[in-house]
Amino acid sequence: MPNAKRPVLAVDVGGTNIRGARVAPDGRFLARHRVPNPVARGEEAILDALAGLCRTLAGRSSPAVVGVGIPGAVLPVRGVVASSPNVPCWHDTPIGPQLAARLGLRVVIDNDANLHALGEQWRGAGRGIPNLLLATLGTGIGGGIILDGRLWHGDGGRAGELGHTVVDPEGPPCNCGATGCVEAYASATGIVRAWRRRHGVRENRPRPGDRRVLRDTPATIAARARKGDPRALAVFAEAGRALGIAVATWLQILDVRTVIFGGGVSGALDLLEPLIRIELERRLWGLDASKIRLLRAELGDDAGILGAARLAQTVGDRR
Ligand SMILES: [Zn+2]
């Protein structure tokens, strides 16, 4: 049972800002604050910023636990950040113990996409659903896996990297170095690239007429698709098909019936869902595709903070 009396501190570390809140046991925000992330000034400066933010949030209250969400590979049990693309100076850095020593509080850390999943399960689209996957369709595709109500981390803390599910071995290159990952099709980056490709835009040497196409984002491309623009529809058809193949793979392995989509591209779930469902109907074996729930995340930017709060609560209860 959640600790009924004490609020917790919850922090979401981004490459630009560090956001945090003091959160009541029922999920209400009692205080919010943000500070710039002094990434360029190195480890000590970031720790100072984190500790300062936590002290501001705590005020005169006495929270016992801090939950911190971090972009990158995290080993939650040891409180270590193995690596973080947005905070390159963190490399096998024991942020959890270091921050705990500064604050005199218990500190728990986890991957930010994992905490998005936990937040959505606690207060968002996944309320009351013990098994679910969350895929964040942003610049890349991240994800979190919740089984029996608990985050699944895997042996090395890297479980849930759903974006690197291969949907076509001969497909376009992915940031991870492989080819044909779903991230190369259905992330914001993948969608924008496909849109430019369909207009013959050369990204290095654009022509004057390419300007409009270069300004387009997944949201504006989706708006064009909804008005019937055939090239925009084709881009989302391709992304939806890739996503459908990936989702079918995840569900076939885990027999989970709920997938939540977050991140900017999830605003186009209306365009993607029919294509995803075609692939589920075609590919799922022994599972009823009509029973699969495809949901949009509900908490937006607060999902990570609420997930961090939930993590802190859960740990606090086990003391
Ligand atoms: Zn990849």
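Residues numbered from 1 in each chain as written. Predicted model: local features only at pLDDT ≥ 70, side-chain atom pairs only at ≥ 80, totals over all residues. Heavy atoms only, no water.

Quick look at the overall build of the protein chain
Line of reasoning, step 1. Summing up its helical and strand segments, the protein chain has 10 helices and 13 strands in all.
Line of reasoning, step 2. Against the compact-globule benchmark of 20 Å for 319 residues, the protein chain has a radius of gyration of 20 Å, which places it among compact chains.
Line of reasoning, step 3. Seen along its three principal axes, the alpha-carbon backbone of the protein chain occupies a region of about 60 × 50 × 35 Å.
Line of reasoning, step 4. Contacts in the protein chain between residues far apart in sequence, at least 24 positions, make up 62% of those at least 6 positions apart. (Helix = DSSP H or I, 4+ residues; strand = E, 2+ residues; numbered from the N terminus. Rg over C-alpha atoms; globule rule 2.2 N^0.38 Å. Contact = heavy atoms within 4.5 Å.)

Examining the packing of helix α7 (residues 218-226) against helix α8 (residues 230-254)
Line of reasoning, step 1. Interhelical geometry of α7 versus α8 gives an angle of 115° and a closest axis separation of 7 Å. The interaxial crossing formed by α7 with α8 has left-handed handedness. Each of P218, I221, A222, R224 and A225 in α7 lies in contact with α8, whose residues at this interface are A232, L233 and F236.
Line of reasoning, step 2. Partitioning the contact of α7 with α8 into residue classes produces 7 nonpolar, no polar and 1 charged. (Axes fitted to C-alpha atoms, helices over the stretch in contact; angles between N-to-C directions. Left-handed = near helix turned anticlockwise from the far one by under 90°. Nonpolar A, V, L, I, M, F, W, Y, C, P; charged D, E, K, R; others polar.)

Notes on the pairing of strand β4 (residues 65-70)
Line of reasoning, step 1. Of all 6 residues in β4, 6 are buried; the element is thus mostly enclosed.
Line of reasoning, step 2. Pairing geometry for strand β1 (residues 8-13) and β4, over 4 bridges, is parallel. Within the sheet, the bridge partner assigned to V11 lies in β4 and is V68. (Buried < 20%, exposed > 50% of the residue type's maximum accessible area, 1.4 Å probe, protein only. Pairing = 2+ DSSP bridges.)

Looking at the environment of P274
Line of reasoning, step 1. Mapped onto the elements of the fold, P274 is located in helix α9 (residues 269-283).
Line of reasoning, step 2. In this structure P274 comes out as partly exposed when scored by relative accessible area, which is 44%.
Line of reasoning, step 3. For P274 and G171, which are 103 residues apart along the polypeptide, the C-alpha to C-alpha distance reads 22 Å.

A short note on the sheet that holds β4
Line of reasoning, step 1. If you walk across this open sheet you meet the 5 strands as β3-β2-β1-β4-β8, and the pairing is mixed. Unpaired on one side and paired on the other, β3 (29-36) and β8 (106-111) mark the two borders of the sheet. Between one strand axis and the next, the sheet turns through 15° on average, direction left out of account.
Line of reasoning, step 2. This element, helix α3 (residues 112-123), spans β1, β2 (17-23), β4 and β8 of the sheet and lies at about 100° to β8.

A few points about the coordination of the zinc ion
Line of reasoning, step 1. Only H164 (ND1), C174 (SG), C176 (SG) and C181 (SG) from the protein reach the zinc ion as donors, at distances of 2.1 to 2.4 Å.
Line of reasoning, step 2. With 4 donor atoms in place around the zinc ion and angles of 104 to 122° between them, the coordination shape is tetrahedral. (Donors = N, O, S within 2.8 Å, 3.2 Å for Na, K, Ca; no water. Tetrahedral: all angles 85-135°; square planar, octahedral: opposite > 155°, others 65-115°.)

Describing the pattern of salt bridges
Line of reasoning, step 1. Inspection of the entire model under this criterion finds 17 salt bridges.
Line of reasoning, step 2. In this structure, E298 and R127 form a salt bridge, with 3.7 Å as the shortest nitrogen-oxygen distance. One end of the pair, E298, is in the loop between β13 (293-296) and α10 (303-317); the other, R127, is in the loop between α3 and β9 (132-137), with 171 residues separating them in the sequence.
Line of reasoning, step 3. What makes E298 partly exposed here is its relative accessible area of 49%.
Line of reasoning, step 4. The salt bridge partner of E238 is R198, with a shortest N-O separation of 3.8 Å. Residue E238 is located in helix α8, and its partner R198 is located in helix α5 (residues 188-198); the two are separated by 40 residues in the primary sequence.
Line of reasoning, step 5. Accessibility expressed as a relative area gives 27% for E238, which makes it partly exposed.
Line of reasoning, step 6. Overall, R198 belongs to the partly exposed group, its relative accessible area being 37%.
Line of reasoning, step 7. One salt-bridge network, held together by shared partners, links D12, R19, R32 and D302. (Salt bridge = Lys/Arg side-chain N within 4 Å of Asp/Glu carboxyl O.)

Overview of the sheet that holds strand β10 (residues 141-147)
Working definition: the strands of a sheet are paired by backbone hydrogen bonds and lie parallel or antiparallel to each other.
Line of reasoning, step 1. Ordered by their spatial adjacency, 5 strands build an open sheet running β11-β10-β9-β12-β13, and the pairing between neighbours is mixed. Each end of this open sheet is capped by a strand with a single partner; those strands are β11 (150-151) and β13.
Line of reasoning, step 2. Against the sheet, α3 engages β9, β10, β11 and β12 (258-262), with an angle of about 50° to β10.
Line of reasoning, step 3. On the sheet, α9 packs against β9, β12 and β13 and is oriented at approximately 165° with respect to β13.

Section: unusual backbone geometry
Most peptide bonds are trans, and most residues other than glycine sit at a negative phi.
Line of reasoning, step 1. Of note in this structure, D92 is not a glycine but carries a positive phi near 50°.
Line of reasoning, step 2. Among the structural elements, D92 can be located in strand β7 (residues 91-93).
Line of reasoning, step 3. A positive phi angle is found at D148, which is not glycine, with a value near 50°.
Line of reasoning, step 4. As for its position among the elements, D148 is in the loop between β10 and β11.
Line of reasoning, step 5. Residue D148 is classed as exposed on the basis of its relative accessible area of 65%.

What about the nonpolar core?
Line of reasoning, step 1. If you look at the biggest cluster of nonpolar residues, it comprises 47 residues, and the most contacted ones within it are F236, L251, F261, L272, I276 and L280.
Line of reasoning, step 2. For this core, the element with the most residues is α8, which contributes 12 residues.
Line of reasoning, step 3. With sequence-adjacent residues up to four places away left out, F261 is seen in contact with A135, L137, L243, V247, S266, L269, I276, L294, L295, R296 and A297. (Core = buried A, V, L, I, M, F, W, Y, C linked by side-chain atoms within 4.5 Å.)

So yeah, pure geometry; function would need other evidence.
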